[in-house]
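Chain by chain, the residues:
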Amino acid sequence: MKKSKSLQAAELFLYFMMYSVIGWLYEVFLEVAVYRWGFSNRGFLYGPYCIIYGVGALLFLLTLGRLKKKRICLGRISVTPVLVFLGIIVVTTVTELIGSYIMEAVTGGWMWDYERFAFNFQGRIALNPSIRFGIGGMVMMYLVQPLLEKITEKWSERAVCTASGILLAVLIMDLVITIIR
């Protein structure tokens, strides 16, 4: 059965929010457990989400979802995962670069600095983080997303739309509060 456009949009928004929260958890984990800098809210907004991760995840789903389902081979070897990995690197790098310019225009700066990494551009993007995001994107596309799809398939259309509506209201309130402060 084909899903309605409103259900598809609601599911995509749920995925956006889930990946935004997962991104926030990843960032906080790095700060607290890996770098031992202590806790700080790694998001631009007040809530526990980094929306750039949600944007990146949606871009993966929308631009690389069909590619992931194809079987592209060199001889007998499937190169589809390699192409998906390279696509993820391109998507994350461009998203992070554009995101840094948007944040700089809105707030006067951006929330990361890659100056310490080799092969960086203005501290906004760098090869090392792009490869890490590529690996994370592969985990997302091949492991996490299928799990999230199984979970949301069990929900009724009404439950998906209601959850998305509530999360959208929360996100809008957070955005308004952030802008006002």
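The rules behind these values
- Residues numbered from 1 in each chain as written.
- Predicted model: local features only at pLDDT ≥ 70, side-chain atom pairs only at ≥ 80, totals over all residues.
- Heavy atoms only, no water.
- Helix = DSSP H or I, 4+ residues; strand = E, 2+ residues; numbered from the N terminus.
- Rg over C-alpha atoms; globule rule 2.2 N^0.38 Å.
- Buried < 20%, exposed > 50% of the residue type's maximum accessible area, 1.4 Å probe, protein only.
- Contact = heavy atoms within 4.5 Å.
- Areas by Shrake-Rupley, 256 points an atom, 1.4 Å probe, with all protein chains shown as cover.
- UniProt positions renumbered as here; feature names shortened; annotations may be inferred.
- Axes fitted to C-alpha atoms, helices over the stretch in contact; angles between N-to-C directions.
- Parallel < 35°, antiparallel > 145°, perpendicular 65-115°, else oblique.
- Left-handed = near helix turned anticlockwise from the far one by under 90°.
- Nonpolar A, V, L, I, M, F, W, Y, C, P; charged D, E, K, R; others polar.
- Expected span 1.5 Å × (residues − 1).
- Polar contact = N/O pair within 3.5 Å; in protein donor to acceptor, adjacent residues only side chain to side chain.

1. What about the overall build of the protein chain?
In terms of regular secondary structure, the protein chain is built from five helices and four strands. If you list the helices and strands of the protein chain from N to C, you get α-α-β-β-α-β-β-α-α. For the protein chain, whose C-alpha radius of gyration is 18 Å, the value lies close to the compact-globule estimate of 16 Å for 181 residues. Overall size of the protein chain, expressed as C-alpha extent along the three principal axes, is 45 × 45 × 30 Å. Looking at the protein chain as a whole, 38% of its 181 residues are labelled buried. Across the protein chain, the fraction of contacts at a sequence separation of at least 24, relative to all contacts at a separation of at least 6, is 64%. With the model as given, the accessible surface of the protein chain reaches about 11,200 Å², and the carbon-plus-sulfur share is 70%.

2. As for the UniProt feature "transmembrane region" (unreviewed entry) in the protein chain
According to UniProt, the "transmembrane region" (unreviewed entry) feature falls on residues 12-34, 46-67, 79-103, 130-148 and 160-180. A helix fraction of 77% and a strand fraction of 0% characterise residues 46-67, whose end C-alpha atoms lie 35 Å from each other. Note that residues 79-103 is 96% helix and 0% strand, and that its end C-alpha atoms are spaced 36 Å apart.

3. Some thoughts on the packing of helix H2 (residues 51-69) against helix H3 (residues 80-107)
Across the interface, H2 lies against H3 with an axial gap of 10 Å and an inter-helix angle of 150°. Our classification of the angle between H2 and H3 gives roughly antiparallel. In this structure, the crossing between H2 and H3 has a hand that is right-handed. Together, Ile52, Val55, Gly56, Leu59, Phe60, Thr63, Leu64, Leu67 and Lys68 of H2 and Thr80, Leu83, Val84, Gly87, Ile88, Val91, Thr92, Thr95, Glu96 and Gly99 of H3 make up the contact between the two elements. Partitioned by chemical class, the residues of the contact of H2 with H3 number ten nonpolar, seven polar and two charged.

4. Side note on the packing of helix H1 (residues 5-34) against helix H5 (residues 157-180)
Close contact between H1 and H5 brings their axes to 9 Å; oriented N to C, the two are set at 50°. On the basis of their axis angle, the class for H1 and H5 is oblique. H5 is crossed by H1, and the crossing has left-handed handedness. For the pair formed by H1 and H5, the contact residues are Ser6, Leu7, Ala10, Glu11, Phe13, Leu14, Phe16 and Met17 on the first element and Glu157, Val160, Cys161, Ala163, Ser164, Leu167, Leu168 and Leu171 on the second. Taken together, the residues of the contact of H1 with H5 break down into twelve nonpolar, two polar and two charged.

5. Overview of H5
Taking 1.5 Å of rise per residue, the 24 residues of H5 would be expected to cover 34 Å, and the 34 Å separating its terminal C-alpha atoms lies within 8% of that figure. Along H5, the positions that sit buried rather than exposed are Val160, Ser164, Leu171, Asp174 and Thr178. Along its buried surface, H5 packs onto H1, H2 and helix H4 (127-153).

6. Some details on the environment of Thr152
Of note, Thr152 is situated in helix H4. A residue is classified by how much of its surface remains accessible, and Thr152, at 2% relative accessible area, is buried. Along the primary structure Thr152 and Glu115 are separated by 37 residues, whereas in three dimensions their C-alpha atoms are 40 Å apart. With sequence-adjacent residues up to four places away left out, Thr152 is seen in contact with Glu11, Leu14, Tyr15 and Val160. Among the polar contacts listed, one links the side chain of Thr152 to the backbone oxygen of Glu149, at a separation of 3.3 Å.

7. Focus: unusual backbone geometry
Not every positive phi belongs to a glycine, and Phe119 is a case in point at roughly 55°. On the secondary structure map, Phe119 appears in the loop between H3 and strand E3 (120-121). Judged by relative accessible area, Phe119 falls into the exposed class, the value being 70%. Backbone geometry at Gln122 places phi at a positive 55°, although glycine is not the residue there. Within the element layout of this structure, Gln122 appears in the loop between E3 and strand E4 (125-126).

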